[in-house]
Amino acid sequence: MSATFITQFLRVWEMVDGTQLQQDVPDKLVWNLTTDGVYSSSLAYRACFHGRVQMLGVAELWATAAPPKVKIFFWLALHRRLWTAARRRRHGLQANDDCVLCSQEPETADHLFAACVFTRELWHRLLQRVGFQFLCPNGDADLVNWWLASRREISSGFRKGFDSLVLLASWETWKERNRRTFGGAPSSVAQVLQGIQQEGAEWVSAGFRSLAPLFTP
Ligand SMILES: [Zn+2]
């Protein structure tokens, strides 16, 4: 008899100890995840999510209008799963984790897409167009908290456009980061802005109308 078997036996013993069986009363199945003991398929479905940890910003992300590949990219950024220099260094893949855009701080997703001086200048110019430059991230901003706090400041009419813009700007910043990381010539903030303008116009043409006020083709 194995130790596992004995452990299980003792657990069952503890669970049934004190149970009084009643003569001539048949056994019945009871749904024990609700107080009334009544089963329904919707309750069973909800039970599948017990213990789930809801990631900050994920609900807002899936509601944002953007191409699927960009949403997956941003989901990885929120989960800190992008292969930034800091993550590569942590995994022993490279010795240096300096941000390739500014060479001043470790290259994390939070830094690349919110706190980096390059990104902040980009955001200042983007937000200036719509009069929201006061929402520009600061030097110790983290991506998700900055995004969620900023979108609360935006009027409901432009909030969807702002959400799409956060993904678009982060996507273009990531492309610039990759260009530099893999030996390409660096682009200036103005050139990245131009790239955002072109990509944004294509998103609008593809049906992401919430960006139309910013990027009318
Ligand atoms: Zn930087």
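Residues numbered from 1 in each chain as written. Predicted model: local features only at pLDDT ≥ 70, side-chain atom pairs only at ≥ 80, totals over all residues. Heavy atoms only, no water.

### As for the domain arrangement of the chain
Here is step 1 of the chain: Along its sequence, the chain is carved into domain 1 (3-47) and domain 2 (58-211).
Here is step 2 of the chain: Computed over C-alpha atoms only, the centres of domain 1 and domain 2 are separated by 51 Å. (Domains from an automatic or database assignment.)

### Concerning the side chain of Asp110
Here is step 1 of the chain: Here Asp110 shows up in helix α6 (residues 109-115).
Here is step 2 of the chain: Sequence-distant contacts of Asp110, defined by excluding residues within four places in its chain, comprise Arg80, Ala115, Ala141, Asp142 and Leu143. (Helix = DSSP H or I, 4+ residues; strand = E, 2+ residues; numbered from the N terminus. Contact = heavy atoms within 4.5 Å.)

### With respect to the coordination of the zinc ion
Here is step 1 of the chain: Looking at the metal site, the zinc ion is ligated by Cys99 (SG), Cys102 (SG), His111 (NE2) and Cys116 (SG), spaced 2.1 to 2.3 Å from it.
Here is step 2 of the chain: Coordination at the zinc ion is tetrahedral: its 4 donor atoms span angles of 105 to 114 degrees at the metal.
Here is step 3 of the chain: Between consecutive donor residues of the zinc ion, the sequence gaps follow C-x2-C-x8-H-x4-C. With Cys102 in the loop between α5 (85-90) and α6 and Cys116 in the loop between α6 and α7 (117-128), this pair connects stretches of sequence that are 14 residues apart. (Donors = N, O, S within 2.8 Å, 3.2 Å for Na, K, Ca; no water. Tetrahedral: all angles 85-135°; square planar, octahedral: opposite > 155°, others 65-115°.)

### Considerations on helix α4 (residues 68-78)
Here is step 1 of the chain: Those residues of α4 that sit buried are Val70, Lys71, Phe73, Phe74, Ala77 and Leu78. The buried residues of α4 occupy an angular sector of 160 degrees when the element is viewed end-on, so they sit on one face. In α4, those exposed residues whose orientation departs by more than 90 degrees from the buried face are Pro68 and Lys69.
Here is step 2 of the chain: In this structure, the buried residues of α4 make contact with α3 (58-62), α6, α8 (143-153), α9 (156-181) and α10 (189-205).
Here is step 3 of the chain: Looking at the residues trailing α4, positive phi occurs at Arg80, about 55 degrees. (Buried < 20%, exposed > 50% of the residue type's maximum accessible area, 1.4 Å probe, protein only. Arc of directions from axis to C-beta.)

### What to know about the packing of α7 against α10
Here is step 1 of the chain: Contact pair α7 / α10: the axes reach a minimum separation of 10 Å and the direction vectors enclose 55 degrees. Taken together, the axes of α7 and α10 are oblique relative to one another. Once α7 is placed against α10, the crossing between them reads as right-handed. On α10, the residues that touch Phe118, Glu121, Leu122, Arg125 and Leu126 of α7 are Val189, Ala190, Val192, Leu193 and Ile196.
Here is step 2 of the chain: Class assignment for the residues of the contact of α7 with α10 results in 8 nonpolar, no polar and 2 charged. (Axes fitted to C-alpha atoms, helices over the stretch in contact; angles between N-to-C directions. Parallel < 35°, antiparallel > 145°, perpendicular 65-115°, else oblique. Left-handed = near helix turned anticlockwise from the far one by under 90°. Nonpolar A, V, L, I, M, F, W, Y, C, P; charged D, E, K, R; others polar.)

### What to know about the environment of Leu78
Here is step 1 of the chain: The topology assignment puts Leu78 in helix α4.
Here is step 2 of the chain: Residues Leu78 and Trp62, 16 residues apart in the sequence, show an inter-C-alpha distance of 12 Å.
Here is step 3 of the chain: With near-sequence residues (within four places) excluded, Leu78 lies in contact with Met55, Leu56, Gly57, Val58, Leu61, Leu143 and Val144.

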